Amino acid sequence: QVQLVESGGGLVQAGGSLRLSCAASGFTFSLYAMSWYRQAPGKERELVATITSGGGSRNYRDTVKGRFTISRDNAKKTVYLQMNSLKPEDTAVYYCKAVSTDYWGQGTQVTVSS
């Protein structure tokens, strides 16, 4: 069955870095654009970044541009989110999703302390 498993979250001080990973199985990963979303307590889930199926195009929400980088390795069926210069407002549960599907991961918690 379809699985998306995120990892790499944790507690980090403001200004620090984390690299999230999302390992996919059960579908043809290389055919799908992939996105990272996040949801902070009491807030709506929001789109953070998207990468096309071949990795040639990437989009970011304005608040993370220049700090976050989305990438993918189709051979490993994995999508990544490199997060630098983290801020307390980046604290959230981060989820990966295959675009145009209902395939979601279970989420990984990122907490940034001030």
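See the structure shown above.
Our next topic: the overall build of the protein. What the protein contains, in helices and strands, is zero helices and 10 strands. If you list the helices and strands of the protein from N to C, you get β-β-β-β-β-β-β-β-β-β. Seen along its three principal axes, the alpha-carbon backbone of the protein occupies a region of about 40 × 25 × 25 Å. Going through the 114 residues of the protein one by one, you find that 41% of them count as buried. Once local pairs closer than 6 in sequence are excluded, the contacts in the protein between residues at least 24 apart make up 52%. Counting every atom, the protein has about 5,900 Å² of accessible surface; 46% of that belongs to carbon and sulfur. Distance from the positive charge centre (13 side chains) to the negative charge centre (8 side chains) of the protein: 5 Å.

What follows covers the pattern of salt bridges. With the rule as written, the count across this model stands at five salt bridges. The partner of aspartate 62 in a salt bridge is lysine 65, and the shortest N-O contact between them spans 3.1 Å. The class for lysine 65 is partly exposed, based on a relative accessible area of 48%. When salt bridges that share partners are traced, they join Arg38, Glu46, Arg61, Arg67 and Asp90 into one network.

Two modes of strand pairing occur in sheets, parallel and antiparallel, and in both the strands are linked by backbone hydrogen bonds. Spatial ordering of the open sheet is given by E2-E10-E9-E4-E5-E6, a layout of six strands whose pairing is mixed. The sheet is open, and its two borders are formed by strand E2 (10-13) and strand E6 (58-60), each paired with just one other strand. Between one strand and the next, the sheet's axes are offset by a mean angle of 25 degrees, whatever the strand orientation. Pairing of strand E9 (residues 92-98) with strand E10 (residues 108-113), which is carried by three bridges, proceeds in the antiparallel orientation.

With that settled, consider the state of the cysteines. Overall, the coordinates contain one disulfide when judged by the stated rule. Put simply, cysteine 22 and cysteine 96 are joined by a disulfide, and their sulfur atoms are 1.9 Å apart. Linking cysteine 22 and cysteine 96, the disulfide has an S-S dihedral of approximately 50 degrees and is accordingly described as right-handed. Here the residue cysteine 22 occupies a position in strand E3 (residues 18-25), and cysteine 96 occupies one in strand E9, the gap between them amounting to 74 residues. Residues cysteine 22 and cysteine 96 agree in their burial class; the two are buried.

Calculation rules
- Residues numbered from 1 in each chain as written.
- Predicted model: local features only at pLDDT ≥ 70, side-chain atom pairs only at ≥ 80, totals over all residues.
- Heavy atoms only, no water.
- Helix = DSSP H or I, 4+ residues; strand = E, 2+ residues; numbered from the N terminus.
- Buried < 20%, exposed > 50% of the residue type's maximum accessible area, 1.4 Å probe, protein only.
- Contact = heavy atoms within 4.5 Å.
- Areas by Shrake-Rupley, 256 points an atom, 1.4 Å probe, with all protein chains shown as cover.
- Lys, Arg positive; Asp, Glu negative; His and termini not counted.
- Charge placed at Lys NZ, Arg CZ, Asp CG, Glu CD.
- Salt bridge = Lys/Arg side-chain N within 4 Å of Asp/Glu carboxyl O.
- Pairing = 2+ DSSP bridges.
- Axes fitted to C-alpha atoms, helices over the stretch in contact; angles between N-to-C directions.
- Disulfide = S-S within 2.5 Å.

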